[in-house]
Amino acid sequence: MPITRRGLLGATMLATGLRSLPAIAAPSDRRRPVEARAGWVEAAAPAAHVGQTFGMAWPRGRVSARQGWTVRDDAGRPLPAQSWTTASWPDGSVKWTAHALPADVMPGAAVAVGPGRATQPALPVRVEEQVDTIVIATGDYRWEIARSGDVLVRRATVGDRTVLRDAGLVAELRQGSPEGPRLSLKGRIDDVRIEQRGPVRAVVKIEGYHVGPGQRVLPFVVRLYAYAGSKGLRIVHSFVHDVDPAALFVSGIGLTAAVPMAAPLHDRHVRIALDDGAMFVEAVRPLTGLRRDPGEATRLAQVAGRATPPATAMAKPVGDLLERIPAWSDVSLTQFSGQGFALRKRTGPDHAWVDAGEGGRAPGLAYVGSPQGGAAIGARWFWQRHPAEIAITNAAADNADLTMWLWSPRAGAMDLRPYRGVMGMDNFDAQNEGLAVTYEDYEPGWDSATGIARTSELMLWAFEATPPTERLKVLASVVADPPQLVADPAGLQAAKVFGHWSLPDRSTPNRTVIEDQLTNLVDFYASEVDRRHWYGFWNHGDVMHSYDADRHQWRYDIGGFAWANSELSPDLWLWMQALRTGGGQAYRLAEAMTRHTGEVDVYHLGRFRGMGTRHGVQHFSDSSKQPRISNAAYRRIFYYLTADERVGDLMRDLLTSDRTLATVEIGRKVPGGERPTLSAGLIEMSFGTVWCSLAAAWLTEWERTGDRQWRDRLIAGMDSIGRLKNGWISGSAPYDLASGRFVGPGDRVSISHLNAVFGAVEINAELLQLLDVPRYRQAWLDYCRYYNAPRAEFEARFGPRKGSENLAEAHSRLTAFAAWAESDASLATRAATEFFAGKAGLGTRPGDPRRKLSGGVVEWPGVSTNAASQWGLAAIENLALIPAAIDIGSIRP
């Protein structure tokens, strides 16, 4: 791989000048007002939205915590907004802010955020606290939220009319087997807290359990979000599966509300969103299609959702024979696969269902009501997270029930039992034999689903009258694909957040090939999600680990080759690509993955609390429980871009997860591994897969709160690693849980190809930016320099090399970091050579099923997720770092 003389000369000149560049803004820069922009994830402005919250990053030392904010549209006009700080730099200046806009306030293609006075909404959100109720009010709309009991929202009113009441959580269990007796549960409130009070956005957090006869299970956290200008509440619903999956089978989980129905049956309206923008538009008692025509005015009014003329004004004999027309009390849309839904209705519980239609993928919205008011409910990822159902029942009674089943009781119960038996693997030797053949780390009792969780996003609207069908179509689109503002990539990079990454650059042929390949990989995985149907309540958001070229099938049934579960950081790859590009497909894949991996792949209670599960056939089936999967590094980008409180909670839950490692020993099965007896309070801890994963949570908490105990814990770990004889090269050391320090001589050599590929590179880039710990900096730079070094060079420095030399291409980014940090052009040349070498399964070789397309872009019909994510991260970070010493575009592969 020759290097051009021109590229090397220019690189050396650039490297020489690097040290003189200021680390922070010059004083003249600090005097200029700071402003940044955000645009829509899908680039184009949406037709509507239900309220926006987005995050913005600010350069170190530039923004005071006392500063006010103004948000302007793309024409420079001020918009109503609410702003708050979500993270600070070590000097106390503002690092991240969040900004909320009212529903349907349309800023155009982008917004600008800068210093100034906030503009108030015309009808601000108000929060009123009463003895047993919290009232959220916007204009004439009032939502009465319960502080206790079995309902979340006691009622929603418009003026003096109640249009919705008794909105609460429901669940169902099957006892003993998936087909056992049904047990109904209701969500019962334990605690309610107001997190924000307006004027643009109010947030109420509700916690509790689902209760029923003899049961208090499935703990939940629900947040209700009210935005100025919105007639609805956004609901973020999370629950933990805390039951024994062999004894109790969850067969239903959902949200239900009662809708008063005082209007005549023929003025009661049902609307359900179907596929391709269609809408099921009917009345409880239909007056269209009858043998006798009731008159055009009647027909048009019923279809439009308006009050029909009085019966006496209808054409004869319809007005006199209304009671002879069946009233359809119940309507159900069930989505039991990602490919099809069924729509049916019936006149009552004792009568047969009648098929009303079927289709492909329903967006997940339904309305029931009348000209006197009604309610709609919607769920994001409705068809993607089948089996789901929207049910309208008792529409012919005084109160209709409107229910969104996130898991439908009409489907089979969740079966979260282990997929396999012990198969003789009741000891470590036999389990390691299984690992050798199927790549599955099995251990009896460690393949439990008890403690995993799921978060869903819903909307609940209250209306003063039946909305026009076109408006409901817009809302169905909004709930299925919520518009989202995201900070502009150039502004994020200028703020120097999230370590080292590059903006898209096609200035040279090689850079163009790399950018095309990054885009190609994202497109490939997006298409594979749909082609392979990686959907379902527990699966949506994850991707498969590796491909079986013989079967032309992803290895869904082969041990550790099945679901990826964040193996080698696909989350980070997608988020970094989304940061660079401002959103798009990478953002949507990363968003769904974050919702999955932070919940389903992690234990939220029990003996594995705070740990994640290694890749496997089921998301919980592998016995390797580690912080590298629960890693806050995979969540923090989403949190700062959106200020999502649920993800904030998940990261905060990890702050003390190191204590779990006292009873869950990660290296307990390593054949021949040394297991020295450690004193109480000490555990053996690896630096990359464990400490860096924990450090991501501590760093985030320190930034969010300013609490110095987490800064001090970071410094303790960093300083003590730096004091070890071989630093990072020793791989791991005894760790004191109380002090946060590593102890012992650290004089061994232990290299692992996994240590730096679970977010360690990204977190270390941030730690070295924020904290001045010289010993640690040198220890990390030594690791970056020597991991890929020629063996002779390595052994001259550390002695005999022990451990893996895999993933050399992924580790080229470490070499690049050392080259950048030390202004070493020759090291940068080595990094570029390593990146292009294709070592560790990332290049095309004889017999490789991949083939090159025109322009040098490689098509990957069966690449592993691991290879894609590590290639992507290496490309993104090397493009940012290597130009500090050598222009990667001058290299001819």
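Source: prediction; values computed, not measured. (Residues numbered from 1 in each chain as written. Predicted model: local features only at pLDDT ≥ 70, side-chain atom pairs only at ≥ 80, totals over all residues. Heavy atoms only, no water.)

(A) Here's a closer look at the overall build of the chain. Scanning the chain from terminus to terminus reveals 20 helices and 37 strands. Here the C-alpha atoms of the chain give a radius of gyration of 29 Å, agreeing with the 29 Å that 2.2 N^0.38 yields for 893 residues. Counting only C-alpha atoms, the chain reaches 100 × 70 × 60 Å along its principal axes. Burial status across the chain gives 61% buried among its 893 residues. By sequence separation, contacts in the chain at least 24 residues apart represent 68% of the contacts at least 6 residues apart. Computed over 100 positive and 97 negative side-chain charges, the inter-centroid distance for the chain is 4 Å. (Helix = DSSP H or I, 4+ residues; strand = E, 2+ residues; numbered from the N terminus. Rg over C-alpha atoms; globule rule 2.2 N^0.38 Å. Buried < 20%, exposed > 50% of the residue type's maximum accessible area, 1.4 Å probe, protein only. Contact = heavy atoms within 4.5 Å. Lys, Arg positive; Asp, Glu negative; His and termini not counted. Charge placed at Lys NZ, Arg CZ, Asp CG, Glu CD.)

(B) Fine view of the state of the cysteines. Tallying each qualifying case throughout the model produces zero disulfides. We note that Cys 692 lacks a disulfide partner, and the nearest cysteine sulfur, in Cys 784, lies 11 Å from it. Judged by relative accessible area, which is 1%, Cys 692 ranks as buried. (Disulfide = S-S within 2.5 Å.)

(C) Layout of empty space enclosed by the protein. If you walk through the whole model with that rule in mind, you get seven cavities of 30 Å³ or more. Estimated volume of the largest cavity: approximately 360 Å³. What lines the largest cavity is a set of 25 residues, and nearest its centre among them are Gly 51, Arg 234, Glu 457, Pro 482 and Gln 484. Those elements giving two or more residues to the lining of the largest cavity turn out to be β2 (52–57), β15 (215–227), β27 (452–463), α5 (469–480), α9 (584–597) and α11 (636–642). (1 Å grid on protein atoms, 1.4 Å probe; cavity = no way out; pocket = protein on both sides within 12 Å on 5 of 7 lines; lining within 4 Å. Points joined across faces, edges and corners; volume = space filled by probe spheres on them.)

(D) Expanded view of the nonpolar core. Counting residues in hydrophobic clusters, the biggest one holds 149 residues, and the most contacted among them are Trp 573, Trp 691, Trp 728 and Trp 780. With eleven residues, the single largest contributor to this core is helix α13 (residues 687–705). Beyond its immediate chain neighbours, meaning those up to four positions away, Trp 573 contacts Leu 518, Leu 521, Val 522, Tyr 525, Ala 868, Ser 869, Gly 872, Leu 873 and Ile 876. Listed in part, the 85 residues of the second largest apolar core include Val 153, Leu 164, Leu 255 and Val 368. (Core = buried A, V, L, I, M, F, W, Y, C linked by side-chain atoms within 4.5 Å.)

(E) Spatial organisation of the packing of helix α8 (residues 570–581) against helix α20 (residues 865–881). Orientation of α8 relative to α20, taken along the N-to-C sense of each, is 40°, at an axis distance of 8 Å. Between α8 and α20, the crossing angle belongs to the class labelled oblique. Crossing geometry of α8 relative to α20 is assigned as left-handed. Along its contact with α8, which presents Pro 570, Leu 572, Trp 573, Met 576, Gln 577 and Arg 580, the element α20 presents Thr 865, Ala 868, Ser 869, Gly 872, Leu 873, Ile 876 and Leu 879. When grouped by side-chain class, the residues that make up the contact of α8 with α20 number eight nonpolar, four polar and one charged. (Axes fitted to C-alpha atoms, helices over the stretch in contact; angles between N-to-C directions. Parallel < 35°, antiparallel > 145°, perpendicular 65-115°, else oblique. Left-handed = near helix turned anticlockwise from the far one by under 90°. Nonpolar A, V, L, I, M, F, W, Y, C, P; charged D, E, K, R; others polar.)

(F) Up close: the packing of aromatic side chains. Tallied over the full model, the rule gives 34 aromatic pairs. On the basis of an interplanar angle of 40° and a centroid distance of 4.7 Å, the ring pair of Tyr 439 and Phe 561 is categorised as tilted. Remark: Phe 561 occurs in the loop between β30 (553–554) and α8 and Tyr 439 occurs in the loop between α4 (428–438) and β27; sequence separation between them is 122 residues. Residue class for Phe 561 comes out buried when judged on its relative accessible area of 19%. (Phe/Tyr/Trp six-rings, centres within 6.5 Å; stacked < 30°, edge-to-face > 60°.)

(G) Region of interest: the pairing of strand β13 (residues 182–197). Here strand β12 (residues 161–175) runs beside β13; their pairing, made up of five bridges, is antiparallel. Within the sheet, the bridge partner assigned to Glu 172 lies in β13 and is Ser 184. The hairpin turn running from β12 into β13, its antiparallel successor, is six residues long, and Gly 176 in that turn takes a positive phi close to 90°. Counted between consecutive antiparallel strands, the loop separating β13 from strand β14 (residues 201–212) contains three residues, among which Gly 198 sits at a positive phi close to 105°. (Pairing = 2+ DSSP bridges.)

(H) Up close: the environment of Lys 669. Of note, Lys 669 is situated in the loop between α12 (645–652) and β33 (682–686). Residue Lys 669 is classed as buried on the basis of its relative accessible area, which comes to 7%. The spatial distance from the C-alpha of Lys 669 to the C-alpha of Thr 312 is 82 Å, given a sequence separation of 357 residues. If near-sequence neighbours (up to four positions away) are discounted, Lys 669 is found in contact with Phe 428, Gln 431, Asn 432, Asp 441, Tyr 442, Glu 443, Ser 623 and Arg 675. Within the structure, Lys 669 has its side chain in polar contact with the side chain of Asp 441 (distance 2.6 Å). (Polar contact = N/O pair within 3.5 Å; in protein donor to acceptor, adjacent residues only side chain to side chain.)

(I) Representation of the sheet that holds strand β6 (residues 94–101) within the structure. Strand order in the open sheet formed by three strands is β2-β6-β5, and the pairing between neighbours is antiparallel. Here the strands that pair on one side only, and so sit at the sheet edges, are β2 and β5 (82–88). The mean inter-strand angle of the sheet, taken between neighbouring strand axes irrespective of direction, is 25°. Both β5 and β6 contribute to a ladder of six bridges, which runs antiparallel. The residue of β6 that forms the bridge with Gln 82 is Ala 100. Here α13 sits on the sheet and contacts β5 and β6; the angle it forms with β5, its principal contact strand, is near 135°.

(J) Quick peek at the sheet that holds strand β35 (residues 741–742). Spatially, the three strands line up as an open sheet ordered β33-β34-β35, and their pairing is antiparallel. For this open sheet the edge positions go to β33 and β35, each flanked by a neighbour on one side alone. Its contacts with the sheet place α13 against β33, β34 (732–736) and β35, and it is angled at close to 100° to β33.

Keep in mind these numbers describe shape, not what the thing actually does.
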